[in-house]
Amino acid sequence: MTQDQILLFSLLGLLFIFLIWGRWRYDLVAFAGLVLALVLGLVPVDKAFSGFGHPATVVIALVLIISRGLSNSGVVELVAGYMVDAKRSLFRHITIMSSLAAALSAVMNNVAALALLMPVDLQAAKAAKRSAALTLMPLSFASILGGLITLIGTPPNIVVAAFRDEALGSPFAMFDFAPVGLAAAVVGVLYVALIGWRLLPRDRAKQGAPEALFELKDYIAELSVPEGAAAVGKSLADLENGAEEEAGLQYLGLIRQGNRLPAGARFLPIEAEDVLVVQASPEAIEKAAGALGLTLMEERQGAEVLKGKDLELMEVVVPEGASIEGRSMLFTPSLQNMGVRLLGLSRQGTRVRQRLRRLRIRGGDILLLLGPAVALPEACHRMGVLPLAERGLQVIQRDKAKLAVLIFGAAIVLASVGLLYLPVALAAAALLFVLLKIVPLRELYPSVEWSVIVLLGSMIPIGAALEESGGTALLAGGILYLTEGAEAWVVLTVLMVVTMTLSDVMNNTATAVIAAPVALDLSQRLEVNADAFLMTVAVAASCAFLTPIGHKNNTLIMGPGGYRFGDYWRMGLPLEILIIAVSVPMILLVWPL
């Protein structure tokens, strides 16, 4: 191996370790890797940021904007309203919801499709009085499978198509993925509906309905401030820091002369005869009352004390890459000034109530927020979180649903028949969405998942450097060595297994960037059809079902479903085996070697 190859493999090894570890965000890890590659001279300076202008990067950003438009126009809501009925049997419910998720994921970002359907599924579970754990994992897996069907369904398809364009002179077309992807999606949906949910641990089926994630009983109280109390003259902000540190007590609001004061009152001096609304354990409330000379008023049980005429409770889930991820509420003063408070946090099905404001939030966490009704939508927007109740955070422009579908459909048709280059067609659709205010200008940039853009923009130059240095040829040679003397279809199967395994522990987009050049090199050495091997990478890179970290959708359902890390392989391992058994013959049929 050359010095450059040794350095590149060492760099990739470090990237894999940090991406799997998950201590730092994957976009930061990838960008740090790019900077290191530039410093070491592994990536030419003139190619440093070529990945950010790469067609794959641009297409992914545009698809995310269009997905927001389809969401805003109420297209998904209208479809779900007709198809979802809580009175159906569990099998029929999973079949219908999974089929809908797969169909939506074929034409929009699969994370967005799941985010739109998950509240619907949770409401159905609540109405049917069954555990959401039985339905959320099938829904997540189906949304991943649906992305296999079209070019824009999932980032790995876009990456592989763009790589084919550079290497062979033309990309995969919009529906080139459909024969293999559709077969895998149909078989996968049937599996999760018939068998998959039965493989979950029995105690998951006995979990309560989603509303049991947070119970505020015995945690809310009102404390009266008598004359001479130690709290007089201090502000809620002053009191909260000390109480939070000692007992996990939070001050939720201030009532003066019978009226709840607005969010800014947190910084006003407390007066005698004021009433403080607090949340903590009964012991902590009693301790704080004694220390501050407060009088414990009639304790409230439940959330009704929080629901003043201007306050609401909301449960939200934190998607991977959200702006709030890795931060704590203590360091988000803008949200505090809006009057939005964190009342509870559920992580992997376990409720956390102590020192909430100092706890760093992770992807997959469920947060219970309290705040003014008018402020919660903006707060959720800033945090990048998704509501778990039926969608009420934004005004759905139902009158623009047909227009949105027409614009998007026209873009797909024009790109499919070759009249417009796909990025141009999608850019035109995104521009029309903005001009027609289907996607308001203030939502344009937040619609784009910038962590994925940074990841892809950083990994593309590293992947190109690996290819140019001969590193991909070494990887291909290693696979050929392991399969020496075997038929080409065996090598193809091994490539699928290796790629799928990588995707289970690291981001699927990064997996596709690294695996696509290896696939091309393998096909050239074997002197067989390169498209079969590239299609193998596209399918395998998206099929991450063994862990909650392999795909963002798996992370998204972990909290609401109350899943454990080990639950995923129970349903996911048979599904991955099934995908291999279906996809390999279909690839060989559609793309003969």
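Residues numbered from 1 in each chain as written. Predicted model: local features only at pLDDT ≥ 70, side-chain atom pairs only at ≥ 80, totals over all residues. Heavy atoms only, no water.

### Side note on the overall build of the protein chain
Right, so step 1: From N to C terminus, the protein chain includes 24 helices and 10 strands.
Right, so step 2: By the burial criterion, 57% of the 593 residues in the protein chain qualify as buried.
Right, so step 3: For the protein chain, the share of sequence-separated contacts (at least 6 apart) that also reach a separation of at least 24 residues comes to 80%.
Right, so step 4: With an accessible surface of roughly 23,900 Å², the protein chain has 62% of that area assigned to carbon and sulfur atoms. (Helix = DSSP H or I, 4+ residues; strand = E, 2+ residues; numbered from the N terminus. Buried < 20%, exposed > 50% of the residue type's maximum accessible area, 1.4 Å probe, protein only. Contact = heavy atoms within 4.5 Å. Areas by Shrake-Rupley, 256 points an atom, 1.4 Å probe, with all protein chains shown as cover.)

### Focus on the packing of aromatic side chains
Right, so step 1: A complete count under the given rule lists 6 aromatic pairs for this structure.
Right, so step 2: Arranged with centres 5.6 Å apart and planes meeting at 40°, the rings of Phe18 and Trp24 form a pair that is tilted.
Right, so step 3: For Trp24, a relative accessible area of 44% translates into the label partly exposed.
Right, so step 4: One aromatic cluster in this structure is built from Phe172, Phe177 and Trp591.
Right, so step 5: Between the NZ or CZ atom of Arg164 and the centre of the ring of Phe172, over which it lies, the distance is 5.1 Å. (Phe/Tyr/Trp six-rings, centres within 6.5 Å; stacked < 30°, edge-to-face > 60°. Lys NZ or Arg CZ within 6 Å of the ring centre and 35° of its normal.)

### Some details on the nonpolar core
A general tendency of soluble globular proteins is for nonpolar side chains to be buried together.
Right, so step 1: The biggest cluster of nonpolar side chains holds 143 residues, and the ones touching the most others in it are Leu522, Tyr563 and Ile579.
Right, so step 2: Setting aside residues no more than four positions away along its own chain, Leu522 makes contact with Ala476, Ile479, Leu480, Val491, Leu495 and Phe533.
Right, so step 3: Of all hydrophobic cores here, the second largest spans 21 residues; its members include Ala265, Ile270, Ala288 and Leu292. (Core = buried A, V, L, I, M, F, W, Y, C linked by side-chain atoms within 4.5 Å.)

### A short note on the packing of helix α20 (residues 488-505) against helix α24 (residues 567-590)
Right, so step 1: Across the interface, α20 lies against α24 with an axial gap of 11 Å and an inter-helix angle of 140°. By the angle between their axes, α20 is oblique relative to α24. In this structure, α20 crosses over α24, and the sense of that crossing is right-handed. Each of Trp489, Leu492, Thr493, Met496, Val497, Met500 and Asp504 in α20 lies in contact with α24, whose residues at this interface are Glu576, Ile579, Ile580, Ser583, Val584, Ile587 and Leu588.
Right, so step 2: Grouping the amino acids of the contact of α20 with α24 by side-chain chemistry returns 10 nonpolar, 2 polar and 2 charged. (Axes fitted to C-alpha atoms, helices over the stretch in contact; angles between N-to-C directions. Parallel < 35°, antiparallel > 145°, perpendicular 65-115°, else oblique. Left-handed = near helix turned anticlockwise from the far one by under 90°. Nonpolar A, V, L, I, M, F, W, Y, C, P; charged D, E, K, R; others polar.)

### Brief notes about the pattern of salt bridges
Right, so step 1: The full count for this structure, using the stated rule, is 8 salt bridges.
Right, so step 2: Salt-bridge contacts for Glu271 lead to Arg256; the nearest nitrogen and oxygen are separated by 3.6 Å. Taken together, the residues Glu271 in the loop between β3 (259-260) and β4 (275-279) and Arg256 in strand β2 (residues 250-256) connect sequence positions 15 residues apart.
Right, so step 3: Note that Arg256 is salt-bridged to Asp274, the shortest N-O span being 2.7 Å. Note that Arg256 is positioned in strand β2 and Asp274 in the loop between β3 and β4, a separation of 18 residues in sequence.
Right, so step 4: Among the residues examined, Arg256 registers a relative accessible area of 17% and is labelled buried.
Right, so step 5: Bridged by salt links that share partners, the residues Arg68, Arg442 and Glu443 form one connected network. (Salt bridge = Lys/Arg side-chain N within 4 Å of Asp/Glu carboxyl O.)

### Remarks on a nonpolar patch on the surface
Right, so step 1: A cluster of nonpolar side chains, namely Phe91, Leu182, Val186, Leu190, Leu194, Ile195 and Leu199, defines an oily patch on the protein surface of about 580 Å² accessible area.
Right, so step 2: By residue number, the principal contributor to the nonpolar patch is helix α9 (residues 178-194), which donates 4 residues.
Right, so step 3: Among the secondary structure elements, Leu199 is positioned in the loop between α9 and α10 (202-205).
Right, so step 4: Judged by relative accessible area, Leu199 falls into the partly exposed class, the value being 33%. (Patch = residues over 30% accessible without salt bridge, like charges linked within 9 Å, V, L, I, M, F, W, Y side chains within 5 Å.)

### Considering helix α2 (residues 26-39)
Right, so step 1: Between the first and last C-alpha of α2 there are 20 Å, a value that for 14 residues agrees with the 20 Å anticipated at 1.5 Å per step.
Right, so step 2: Restricting attention to buried positions, one finds in α2 the residues Tyr26, Asp27, Val29, Ala30, Gly33, Leu34 and Ala37. Down the axis, α2 shows its buried residues gathered within 165° of arc, on one side only. Facing away from the buried side of α2, by more than 90 degrees, are the exposed residues Leu28 and Val39.
Right, so step 3: Packing partners of the buried residues in α2 comprise α1 (3-21), α18 (450-468) and α23 (552-561).
Right, so step 4: Backbone geometry just after α2 places Gly41 at a positive phi near 80°. (Expected span 1.5 Å × (residues − 1). Arc of directions from axis to C-beta.)

### Notes on the confidence of the model for the protein chain
Right, so step 1: Confidence along the protein chain averages 82 in pLDDT terms, with 87% of residues attaining 70 or more.
Right, so step 2: A low-confidence stretch, residues 391-395 stays under pLDDT 50, and its non-local contacts, those more than four residues away or across chains, total 10 contacts. (pLDDT = per-residue confidence, 0-100.)

### Looking at the side chain of Thr499
Right, so step 1: Relative to the helices and strands, Thr499 is located in helix α20.
Right, so step 2: Take Thr499: its relative accessible area is 2%, and that puts it in the buried class.
Right, so step 3: Setting aside residues up to four positions removed in sequence, Thr499 forms contacts with Thr511, Ala515, Val537, Ala540 and Ala541.

### Regarding helix α14 (residues 376-383)
Right, so step 1: Within the sequence span of α14, burial applies to Leu376, Ala379, Cys380 and Met383. Along the axis of α14, the buried positions cluster into a sector of 100°, meaning they face one direction only.

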